[in-house]
Amino acid sequence: MVTLGAIFGLEEVMQVRVLKMAAAELCGAAILVLIGCGSVGTLSPGASPPTMSVGLAFGLALALAIWVFGHTSGAHVNPAVTIGFLVTGHMGVLKSALYIVFQLLGAIIGAGILCLSIPEPWRGGLGSTTLAEGVEQWQGFLIEMVTTFLLVLTVMASSDRLRTDHSGSTALSIGLCVTANIAWSGTVTGGSMNPARSLGPAVWSGIWANHWIYWVAPSVGAIAAALLYQHVFSVKTQESDSGLRFTDTPAGKRDNFLEYAIDIDSPGGSRRVESPLPHPKLSFLMGKFGRQNSRNIVRINSVQSNGLDSGSNMNDDSSEAGSTRGLTTMSNEWGIDKRFTITKM
């Protein structure tokens, strides 16, 4: 029977580390608003700054937040991103609500620090997001929805730990997506893509015109992008290789350890690989197993969480390990990649 606690993710918010996650979201949102909105007032005091310069400031500020806080909370710093992870089942309702509350608080604090830090003539609207003259509400809604859709699509793709084609910086990939979106939408809507980023300056400047757009449009775009990536583009973990079988070992049920036995069919014949893995460190690189005098050497490259990384780290002893599934990519010397799924027992 499914309990209300399971539906709302009560277990997620009953852990001590959730406070650290909330603090990370608060600080990340404050940094984003302070640097991004600060660039609006300080790059060209009393005048409109170059759109690309503002876009770079926001993009690099977001990259900074992800680089610093990504290992702690996932560094969403954006309610729209959190909503995306919520609707795809990677976060519970309560944890998502906690993230959003602290993101909003962080944005308000960041805008407050900005307001106190720069001379009054430079403040203007503190980087508040408004529709440009002549832009209809439906046009503003469409632009904010599309830009947030692209941002969340990038976030979901960058957070997909099962992908092996990503070799660059996740922080810069997401940050530069924001920069690219602001390049074409900044002069039209302000290029928000983030309800918290719009709320923070509005609280201090009092500019609330069309503010609802900056909440509803990003939410719609985020939900559409998250569901699309989850159900169409994400890497699946279903085992389709019948030549690779996973077998439990009795000793594998010891506390905090996972032992596995794998039967591998290969050009050199079948053999069995057995080795214990300390569960809290599953994401570290594992060593080589197998016979050194055979071409059937199998190297375990990594163990990763099943699906998207929404801020839950398998390296953390307090992670929700009891129900965690991981995917291991195994490469042998004849160039065939095999994958199997492991489950903590």
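Residues numbered from 1 in each chain as written. Predicted model: local features only at pLDDT ≥ 70, side-chain atom pairs only at ≥ 80, totals over all residues. Heavy atoms only, no water.

What counts here: UniProt positions are given in the numbering used here, feature names are shortened, and annotations may be inferred rather than shown by experiment.
An unreviewed UniProt entry annotates the chain as Aquaporin-2 originating from Biomphalaria pfeifferi. Looking at the chain in UniProt, the text filed under Sequence similarities (unreviewed entry) is "Belongs to the MIP/aquaporin (TC 1.A.8) family." Looking at the Subcellular location (unreviewed entry) heading of the UniProt record, one finds this comment for the chain: "Cell membrane".

1. Notes on the overall build of the chain
The test is simple: Each helix is a run of H or I in the DSSP string that is no shorter than four residues. Each strand is a run of E no shorter than two, and both are numbered from the N terminus. Buried means the residue's accessible area, taken with a 1.4 Å probe over protein chains only, is under 20% of the maximum for its type, while exposed means over 50%, and partly exposed covers the values in between. It only takes one pair of heavy atoms within 4.5 Å for two residues to be counted as in contact.
Along the backbone of the chain there are 11 helices and seven strands. Each of the 345 residues in the chain was classed as buried or not, and the buried ones make up 49%. Partitioning the contacts of the chain with sequence separation of at least 6, the portion at a separation of at least 24 is 68%.

2. Some remarks on a nonpolar patch on the surface
Quick note on the threshold: A patch consists of residues whose relative accessible area exceeds 30% and which take part in no salt bridge; residues with like charges are grouped when within 9 Å of each other, and nonpolar side chains (Val, Leu, Ile, Met, Phe, Trp, Tyr) when within 5 Å. Using a 1.4 Å probe, the Shrake-Rupley method yields the accessible areas, and only the shown protein chains count as cover for residues. Salt bridge, as used here: a side-chain nitrogen of Lys or Arg that lies within 4 Å of a carboxyl oxygen of Asp or Glu.
A cluster of nonpolar side chains, Leu-34, Ile-35, Leu-64, Trp-67, Val-68, Val-101, Leu-105, Ile-109 and Ile-113, forms an exposed patch at the surface whose accessible area comes to about 770 Å². Breaking the nonpolar patch down by element, the ones donating at least two residues are helix H3 (17-42), helix H4 (51-73) and helix H6 (93-117). When residues of the nonpolar patch are assigned to their parent elements, the largest contribution, four residues, is made by H6. Here Ile-113 shows up in helix H6.

3. Describing the packing of aromatic side chains
Convention followed: When two rings of Phe, Tyr or Trp (its six-membered ring) have centres within 6.5 Å they constitute a pair, described as stacked for plane angles under 30 degrees, edge-to-face for angles over 60, and tilted for the intermediate range.
In the structure shown here, the tally under the stated rule is one aromatic pair. With 6.0 Å between their ring centres and 35° between their planes, Phe-141 and Trp-212 make a pair best called tilted. Note that Phe-141 is positioned in helix H8 (residues 137-158) and Trp-212 in the loop between helix H10 (195-205) and helix H11 (213-233), a separation of 71 residues in sequence.

4. Description of the nonpolar core
To keep it simple, the criterion reads: What makes a nonpolar core is a set of buried Ala, Val, Leu, Ile, Met, Phe, Trp, Tyr and Cys residues whose side-chain atoms join them at distances within 4.5 Å.
Ranked by size, the top nonpolar core spans 45 residues in total, and within it Phe-58, Leu-62, Leu-151, Val-152 and Val-178 carry the most contacts. When residues of this core are traced back to their parent elements, those giving at least two are H3, H4, helix H5 (79-87), H6, H8, helix H9 (170-189), H10 and H11. Considering every element that reaches this core, the biggest residue donor is H4, with eight residues. Leu-131, Ile-213, Tyr-214 and Ala-217 belong to the second-largest nonpolar core, a separate cluster that totals five residues.

5. A short note on the UniProt feature "transmembrane region" (unreviewed entry) in the chain
In this numbering, the UniProt entry assigns the feature "transmembrane region" (unreviewed entry) to residues 21-44, 50-69, 97-119, 139-158, 170-192 and 212-229. Counting secondary structure, residues 21-44 comes out at 92% helix and 0% strand; the distance between its end C-alpha atoms is 35 Å. The span residues 139-158 is 100% helical and 0% strand by assignment, and the distance between its end C-alpha atoms comes to 29 Å.

6. Re the environment of Ile-66
When you line up the elements, Ile-66 lands in helix H4. Note: C-alpha distance between Ile-66 and Thr-170 (104 residues apart in sequence) is 8.3 Å. Apart from the residues within four sequence positions on either side, Ile-66 is in contact with Ala-75, Ala-171 and Ile-174.

7. Focus: the side chain of Ser-128
Going by this rule: N or O atoms within 3.5 Å of each other form a polar contact, as long as, within protein, one can give a hydrogen and the other can take it, and as long as residues adjacent in sequence are counted only when both atoms are side-chain atoms.
Among the secondary structure elements, Ser-128 is positioned in the loop between helix H7 (120-123) and H8. Within the structure, Ser-128 has its side chain in polar contact with the backbone oxygen of Gly-125 (distance 2.5 Å). If near-sequence neighbours (up to four positions away) are discounted, Ser-128 is found in contact with Pro-201, Ala-202, Ser-205 and Ile-207.

8. Quick word on the pattern of salt bridges
Inspection of the entire model under this criterion finds one salt bridge. One salt bridge connects Arg-163 with Asp-165, and the closest N-O pair in it is separated by 2.6 Å.

9. Topic: the packing of H4 against H9
Quick note on the threshold: To get an axis, a line is fitted to the C-alpha atoms, and for a helix only the part in contact is used. The angle between two axes follows their N-to-C directions and goes from 0 to 180 degrees. Every angle not falling under 35 degrees, over 145, or within 65 to 115 is termed oblique; those three ranges are roughly parallel, roughly antiparallel and roughly perpendicular. Helix crossings get a hand from a simple test, with the near helix turned counterclockwise from the far one by less than a right angle marking a left-handed crossing and a clockwise turn marking a right-handed one.
Close contact between H4 and H9 brings their axes to 8 Å; oriented N to C, the two are set at 155°. Here H4 lies roughly antiparallel to H9, going by the angle between them. Here H4 runs over H9; the crossing is right-handed. Facing Thr-51, Met-52, Gly-55, Leu-56, Phe-58, Gly-59, Leu-60, Leu-62, Ala-63, Ile-66 and Trp-67 of H4, the residues of H9 in contact are Ala-171, Leu-172, Ile-174, Gly-175, Val-178, Thr-179, Ile-182, Ala-183, Gly-186 and Thr-187.

10. Observations concerning H10
Every α-helix carries 3.6 residues per turn, so stepping three or four residues along brings you back to the same face. Within H10, eight of the 11 residues are buried, leaving the element largely enclosed by the surrounding structure. Of the residues making up H10, those classed as buried are Pro-195, Ala-196, Arg-197, Ser-198, Leu-199, Gly-200, Pro-201 and Ala-202. Just beyond H10, the residue with positive phi is Gly-206, at close to 80°.

11. A closer look at the packing of H6 against H10
How two helices pack is summed up by the angle between their axes together with the distance between the axes. Convention followed: By the convention adopted, Pro, Cys, Tyr, Trp, Phe, Met, Ile, Leu, Val and Ala count as nonpolar, Lys, Arg, Asp and Glu as charged, and the other residues, Gly among them, as polar.
Packing of H6 against H10 brings their axes to within 8 Å, and their N-to-C directions diverge by 45°. Classified by the interaxial angle, the pair formed by H6 and H10 is oblique. In the packing of H6 onto H10, the handedness of the crossing is right-handed. Contact with H6, carried on its side by Gln-103, Leu-104, Ala-107, Ile-108, Ala-111, Gly-112 and Cys-115, involves Ala-196, Arg-197, Leu-199, Gly-200, Pro-201, Val-203 and Trp-204 of H10 and no other residues of that element. When the residues that make up the contact of H6 with H10 are grouped by side-chain class, the tally is 10 nonpolar, three polar and one charged.

12. Details of unusual backbone geometry
If you check the backbone angles, Val-77 has positive phi at about 45° while not being a glycine. Tracing the backbone shows Val-77 in the loop between H4 and H5. For Val-77, a relative accessible area of 1% translates into the label buried. Look at Leu-126: it is not a glycine, yet its phi comes out positive at around 55°. Note on placement: Leu-126 falls in the loop between H7 and H8.

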